[in-house]
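What follows is the residue order along each chain.
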Amino acid sequence: MAKDKTIYTCNECGGTCPKWLGKCPHCQAWNTLIESVAEPVASTKNNRFAALAKTAEVMALADIEATDMDRTPTGLDELDRVLGGGIVEGGVVLIGGDPGIGKSTLLLQALDALQRSGQKTLYVTGEESGAQVALRSRRLGIVNSQVQVLAEIQLEKILSTLQTHRPHIAVIDSIQTVYSDQLTSAPGSVAQVRECAAHLTRAAKASGVAIVLVGHVTKEGALAGPRVLEHMVDTVLYFEGDTHSSFRLVRAIKNRFGAVNEIGVFAMTEHGLKGVSNPSAIFLSQHPEPVPGSCVMVTLEGTRPLLVEIQALVDSGGPSPRRLSVGLDKDRLAMLLAVLHRHAGIACMDQDVFVNAVGGVRISEPAADLAVLLAITSSLRGKPLPKGFIAFGEVGLAGEVRPAPRGQERLKEAAKLGFSVAIVPKANAPKKPIEGLTIHAVERVEQAMEVVRGLT
């Protein structure tokens, strides 16, 4: 009996090599080549490589009729916000996250809400039996649910079921467990994930069924499988959060039908995930009185302004002081300390500086610069900032305070939550006063420090 020919496939890019190498010659990634069985050459042509979308004649862009996509609300407001208003007919959504974070729980709740609104739903599970899914639904308080459940991992049977039952929304949990008979490699391999996702995407576009794929993540937190999987689907959602905390974030990193980087905030309860309508309350510590080293800023997550507390602790550090930041860029912290010394005359060269964004949120935008500097100065001097104080703005190396995008929305959100004093870049100063909010517009870091001294 002839031995099957083996090849080595890269987990990152899907490239193949005839022998094992330490580094992939295609994408230069290390230790990503996995041994697999080479596919036999097909004797006849098949439709494996058919186009994902329907073909059409060449037309001018102005002549193509374009209408807004009809959306079906899922019944979970926070999930609808991330999706851009609801599920689109024929759309393919990929959702990934750490094990146990709540992906299956969220999707089961969404399917039940859709089913109760009159939509036909199908839940395909490859990791659990139907009895396990039913037990979870009872535990979540979902009773008398008419969600159709199929425990199957063979792609051809799943496609046949989709064609027979014609649901409006189908969930595949997870894509790494599905395999196709056309390939000999194991489920979860690069070839199987790419092939099964392509077939499911083609079926969604042809029939109008909205399909949600659940994806595993690697130890680095990225979606497992080839990167082409993320390019193939319409929407990519990441489920974030600490399993030790009750709060979860669903973030859209790609959305062909809505805003990118939109987030939805959920709280894990005994009866499943519940949407959090006012997420700013999570990221604000409840101090009875103002404390040194604390400054509140307004950050943007997608289209949503969030109030986040920035905390700083400055302590004597000896000959080799430490600079540590949690939730903020460490290199940017070192740059801000140099700007603070050069342009405001406040030195922290012999001090340990620790900066933290409360609530586990990660802030990547530079609009947090001014709040970080004010929190560090407050901790160094031991004087708290005034009650109801916020600040935001980017700080340049020349000491200038640059404007932040959509400053008016940030200020209105702060005023709505009862904040009364704000230091903002001069370009973000509103033309009309905002009721209940005193705004100090500054152009440079030293001006901001002078304003704070006058307020305290």
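Everything discussed here concerns the structure shown above.
Participant: Explain the pattern of salt bridges to me, please; I cannot follow it from the model alone.
Facilitator: Here the idea is simple: oppositely charged side chains can pair when their charged atoms come close. Applying the stated criterion across every chain, the model contains 14 salt bridges. The partner of K426 in a salt bridge is E443, with the nearest N and O atoms 3.9 Å apart. Here the residue K426 occupies a position in the loop between β22 (421-425) and β23 (438-442), and E443 occupies one in the loop between β23 and α10 (445-455), the gap between them amounting to 17 residues. Judged by its relative accessible area of 42%, E443 is partly exposed. Put simply, K205, D234 and R256 are held in one network by salt bridges that share partners.

Participant: When you look at the sheet that holds strand β6 (residues 92-97) in this model, what are you seeing that I'm missing?
Facilitator: Strand pairing in a sheet relies on backbone hydrogen bonds. The paired strands run either parallel or antiparallel. Taking strand neighbours across the sheet as the criterion, the 9 strands line up as β8-β7-β9-β10-β6-β11-β12-β13-β14 in an open arrangement whose pairing is mixed. Looking at strand neighbours, the two that pair on one side only are β8 (148-151) and β14 (272-275), the edges of this open sheet. Averaged over all neighbouring strand pairs, the angle between strand axes comes to 25°, with direction disregarded. As defined by bridge partners, strand β9 (residues 169-173) adjoins strand β10 (residues 210-215) across 5 bridges and the pair is classed as parallel. Of the residues in β10, the one forming a bridge with V171 is V212. Along the sheet, helix α2 (residues 103-116) makes contact with β6, β7 (121-125), β9, β10, β11 (235-240), β12 (247-255), β13 (263-269) and β14, crossing β7 at roughly 155°.

Participant: What's the story with the environment of R323 in this structure? I'm lost.
Facilitator: Position of R323 among the secondary structure elements: in strand β17 (residues 323-326). Owing to a relative accessible area of 23%, R323 belongs among the partly exposed residues under this scheme. Measuring from C-alpha to C-alpha, the distance between R323 and Q351 comes to 8.8 Å, with 28 residues separating the pair along the chain. Residue contacts for R323: discarding those within four places in its chain leaves K330, L333, L337, C348, M349, Q351, D352 and V353. Of note is the side chain of R323, whose polar atom sits 2.7 Å from the backbone oxygen of C348. Of the polar contacts made by the side chain of R323, one reaches the backbone oxygen of Q351; its length is 2.5 Å.

Participant: In this structure, what is going on with the layout of surface pockets? I would like to understand it.
Facilitator: Which parts of space are left empty comes out when a probe the size of a water molecule is rolled across the atoms. What the largest pocket holds in volume is close to 730 Å³. What lines the largest pocket is a set of 33 residues, among which R251, G360, V361, R362 and I363 lie closest to the centre. Looking at the lining of the largest pocket, the elements with two or more residues in it are β12, β15 (294-301), α7 (330-344) and α8 (369-381). At 4 residues, the largest contribution of residues to the lining of the largest pocket is made by β12. When its residues are assigned to classes, the lining of the largest pocket shows 14 nonpolar, 9 polar and 10 charged.

Participant: What is the right way to look at a nonpolar patch on the surface in this model?
Facilitator: A contiguous nonpolar patch, built from M59, L61 and I64 and spanning about 340 Å² of accessible area, is present on the exposed surface. Note that I64 resides in the loop between β3 (33-37) and β4 (71-72). Exposure remark for I64: the relative accessible area of 43% places this residue in the partly exposed category.

Participant: Help me understand the nonpolar core, please; the structure alone is not making it clear to me.
Facilitator: Nonpolar side chains tend to gather and get buried jointly when the protein is soluble and globular. I310, V355, I363, L374, I376 and F389 are the most contacted members of the largest nonpolar core, which totals 48 residues. For L374, the contacting residues outside a window of four places in its chain are C295, L385, F389, A391, M449 and V452. Core analysis: the second largest hydrophobic core is formed by 30 residues, L106, L114, V212 and V214 among them.

Participant: I would appreciate a short explanation of the sheet that holds β3 in the present structure.
Facilitator: The 3 strands are arranged β2-β1-β3 in an open sheet whose pairing can be described as antiparallel. The open sheet terminates on both sides in strands that have one partner only, identified here as β2 (16-17) and β3. Looking at chain direction, strand β1 (residues 6-10) and β2 are connected through 2 bridges and run antiparallel. Across the sheet, residue T9 finds its bridge partner in β2, namely T16.

Rules of the game
For every chain, the first residue of the written sequence is number 1, and numbering continues from 1 onward in sequence order. Totals for whole chains, interfaces and linings use every residue, but because this is a predicted model, local features are given only for residues with pLDDT of at least 70 and side-chain atom pairs only at 80 or more, for both listing and counting. The basis for every side-chain value is the complete set of heavy atoms in the structure, and neither hydrogens nor water enter the calculation. The term salt bridge refers to a side-chain nitrogen of Lys or Arg lying within 4 Å of a carboxyl oxygen of Asp or Glu. For the purposes of this entry, the term helix denotes a DSSP run of H or I that reaches at least four residues, the term strand denotes a run of E that reaches at least two, and both are numbered from the N terminus. When accessible area is computed with a 1.4 Å probe and restricted to protein chains, residues below 20% of their type maximum are described as buried, those above 50% as exposed, and intermediate ones as partly exposed. Between any two strands, at least two bridges found by DSSP are needed for them to pair. To get an axis, fit a line to the C-alpha atoms, keeping to the stretch in contact for a helix; angles then go from 0 to 180 degrees between the N-to-C directions. By the convention used here, residues are in contact when the closest approach between their heavy atoms is within 4.5 Å. For the purposes of these results, a polar contact is taken to be a pair of N or O atoms within 3.5 Å, where, inside protein, one atom must be able to donate a hydrogen and its partner to accept one; residues adjacent in sequence count only when each atom of the pair is a side-chain atom. The pocket and cavity definitions rest on a 1 Å grid over protein atoms only: a 1.4 Å probe that fits but cannot leave marks a cavity, an open set with protein on both sides within 12 Å along at least five of seven lines marks a pocket, and residues lining either have an atom within 4 Å of a point. Grid points are joined across faces, edges and corners, and a volume is the space filled by probe spheres set on the points. Three residue categories are used. Nonpolar comprises Ala, Val, Leu, Ile, Met, Phe, Trp, Tyr, Cys and Pro, charged comprises Asp, Glu, Lys and Arg, and polar comprises the others, including Gly. Note on patches: the residues involved have over 30% relative accessible area and no salt bridge, like charges join within 9 Å, and the nonpolar side chains Val, Leu, Ile, Met, Phe, Trp and Tyr join within 5 Å. What sets the accessible areas is the Shrake-Rupley method with a 1.4 Å probe; for residues, cover comes only from the shown protein chains. Working definition of a nonpolar core: buried Ala, Val, Leu, Ile, Met, Phe, Trp, Tyr and Cys residues. They are joined through side-chain atoms within 4.5 Å.

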